[in-house]
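Residue strings, one per chain:
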Amino acid sequence: MANVSNNLGSNFARNGNYRQALLLYEQTYTLAQTVGEALMIAIALSNLGSVARALGDYPAAQQYYVESLIGCRAIGERRWTAATLNGLGLTQLEQGRLAEAHGHYAEALTIAQEIGSKSDVLDALAGLGEIALQGGNGQQAAAILHFVAQHPVTQLPARQRSQQLLVQRQGQLIPEAHSATVAQTVANLDWTTVIALATDRSVT
C-alpha cells in the first residue's frame, strides 16, 4: 500500500499537483511507519521534502530532507542518500545559501559516482553548475549546464532547470568574446572532465 500511494504521489508531483502529492506522500509515510518499512519511510520523507520545496516551504523541506538522510544512513541506503542530498542542496541553493548547497551537492556527487548512479551525478552537476553561475564563473557554468542539458540520462527537472538557465542568462554564461572557447570546451566534455570542472573550487 505504501508503494502504491508513493507512486501516485510521484505522478501528481510530476504534473505539478503538489497539494495532492503532499497528501499521498503523508499517507505513504504513515503506512510505512505502521509496518516498519525503514526504506519507504526515508523515501517518503525525501519526497515530502521535494514537495515542500516546490511549494516554497523551505524550513519544512529542510527538516524532511534531514530526517530522510538520517533514515537512509541508518540502513546504509546510498542511492536515496545521494538523491536526498541533491534535494537538500537545491533547497539551500534556492535560498542563496551557496556554501551549504555546494557541500551537499559535492557529497551527493561523490556517493553517486561510487554507486554508479548517473542520474544522481547529473542532478549534482546541475546544482554545481548553477552555483558556478551565481559565483560569476560563466564559462565553467556554461560547460557544466550544457553537459547536463544534453545528456540522455538527465532527469527532466534537472534538464529543464539547466536549459532555462542557459536561455535566461546567455549573456552572462557565454560572453561573445569567449563563445568560441566555450563551444569547443562543451564539444570535448566527458564525464571525467565535467566532474573535474564542477569540483574545481579554484574557479568558484
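S.K.: Where do I start with the overall build of the protein in this structure?
M.R.: Helix and strand content of the protein: 12 helices and zero strands. Taken over 204 residues, the protein has a buried fraction of 46%. Considering only intrachain contacts with a sequence separation of at least 6, the fraction spanning at least 24 residues in the protein is 56%.

S.K.: What is the right way to read the nonpolar core from this model?
M.R.: Where a protein is soluble and globular, its nonpolar side chains tend to be buried together. If you look at the biggest cluster of nonpolar residues, it comprises 31 residues, and the most contacted ones within it are Tyr105, Leu109, Leu125, Val148 and Val194. Mapped onto this core, the elements with two or more residues apiece are α4 (58–75), α5 (78–93), α6 (98–115), α7 (118–134), α8 (138–150) and α12 (191–198). Per element, the largest residue contribution to this core is seven residues, and it comes from α7. Setting aside residues up to four positions removed in sequence, Val194 forms contacts with Leu125, Ile144, Phe147 and Leu189. Within the second largest apolar cluster, 10 residues are counted, among which are Ala2, Ala32, Met40 and Ile41.

S.K.: Would you mind going over the environment of Gly135 with me for this structure?
M.R.: With respect to the helices, strands and loops of the structure, Gly135 is situated in the loop between α7 and α8. Judged by its relative accessible area of 51%, Gly135 falls in the exposed class.

S.K.: Looking at this structure, how should I read the packing of aromatic side chains?
M.R.: Working definition: an aromatic ring pair is given by the centre-to-centre distance plus the angle between the planes. In the structure shown here, the tally under the stated rule is one aromatic pair. Relative to Trp191, the ring of Phe147 has its centre 5.5 Å away and its plane inclined at 80°; by these criteria the two rings are edge-to-face. Remark: Trp191 occurs in helix α12 and Phe147 occurs in helix α8; sequence separation between them is 44 residues. What makes Phe147 buried here is its relative accessible area of 11%. When the ring centre of Trp80 is taken as origin, the NZ or CZ atom of Arg79, which lies over that ring, is 5.1 Å away.

S.K.: Got a minute to help me understand a nonpolar patch on the surface in this structure?
M.R.: Taken together, the side chains of Val4, Leu8 and Phe12 present a nonpolar region at the surface, about 240 Å² in accessible area. We classify Leu8 as partly exposed; its relative accessible area is 39%.

S.K.: Quick question: what am I supposed to make of the environment of Leu24 here?
M.R.: Note on placement: Leu24 falls in helix α2 (residues 18–35). Each C-alpha atom, one on Leu24 and one on Asn6, is 6.5 Å from the other, the two residues being 18 residues apart in sequence. In this view, Leu24 contacts Ser5, Leu8, Gly9 and Phe12; residues no more than four positions away in its chain are not counted.

S.K.: Whenever I open this one, the side chain of Gln140 confuses me. Can you help?
M.R.: For Gln140, the position within the fold is in helix α8. A distance of 2.7 Å separates a polar side-chain atom of Gln140 from the backbone oxygen of Leu197.

S.K.: Looking at this model, I keep getting lost on helix α3 (residues 38–54). Mind explaining?
M.R.: Since the α-helix turns once every 3.6 residues, residues separated by three or four places project in the same direction. Between the first and last C-alpha of α3 there are 25 Å, a value that for 17 residues agrees with the 24 Å anticipated at 1.5 Å per step. Of all the 17 residues making up α3, 13 are buried; the element is thus mostly covered by neighbouring parts of the structure.

S.K.: Looking at this model, I keep getting lost on the pattern of salt bridges. Mind explaining?
M.R.: Opposite charge on two side chains lets them pair, provided their charged atoms get close. Scanning the model with the defined rule gives seven salt bridges in all. Where Arg73 meets Glu107, a salt bridge forms, and the shortest distance between an N and an O atom there is 2.6 Å. Here Arg73, found in helix α4, pairs with Glu107, found in helix α6; they are 34 residues apart in sequence, far enough to count as distant. Look at Glu107 and you get partly exposed, because its relative accessible area is 33%. A salt bridge links Arg97 to Glu100; the shortest N-O distance between them is 2.8 Å. Looking at Arg97, the relative accessible area reads 25%, which means it is partly exposed. Assessed through its relative accessible area of 38%, Glu100 is described here as partly exposed. Several salt bridges share partner residues, and in doing so they unite Arg53, Glu94, Glu130 and Arg161 into one network.

About the cut-offs
Residues numbered from 1 in each chain as written. Predicted model: local features only at pLDDT ≥ 70, side-chain atom pairs only at ≥ 80, totals over all residues. Heavy atoms only, no water. Helix = DSSP H or I, 4+ residues; strand = E, 2+ residues; numbered from the N terminus. Buried < 20%, exposed > 50% of the residue type's maximum accessible area, 1.4 Å probe, protein only. Contact = heavy atoms within 4.5 Å. Core = buried A, V, L, I, M, F, W, Y, C linked by side-chain atoms within 4.5 Å. Phe/Tyr/Trp six-rings, centres within 6.5 Å; stacked < 30°, edge-to-face > 60°. Lys NZ or Arg CZ within 6 Å of the ring centre and 35° of its normal. Patch = residues over 30% accessible without salt bridge, like charges linked within 9 Å, V, L, I, M, F, W, Y side chains within 5 Å. Areas by Shrake-Rupley, 256 points an atom, 1.4 Å probe, with all protein chains shown as cover. Salt bridge = Lys/Arg side-chain N within 4 Å of Asp/Glu carboxyl O. Polar contact = N/O pair within 3.5 Å; in protein donor to acceptor, adjacent residues only side chain to side chain. Expected span 1.5 Å × (residues − 1).

All quantities given are derived from atomic positions and should not be read as evidence of function.
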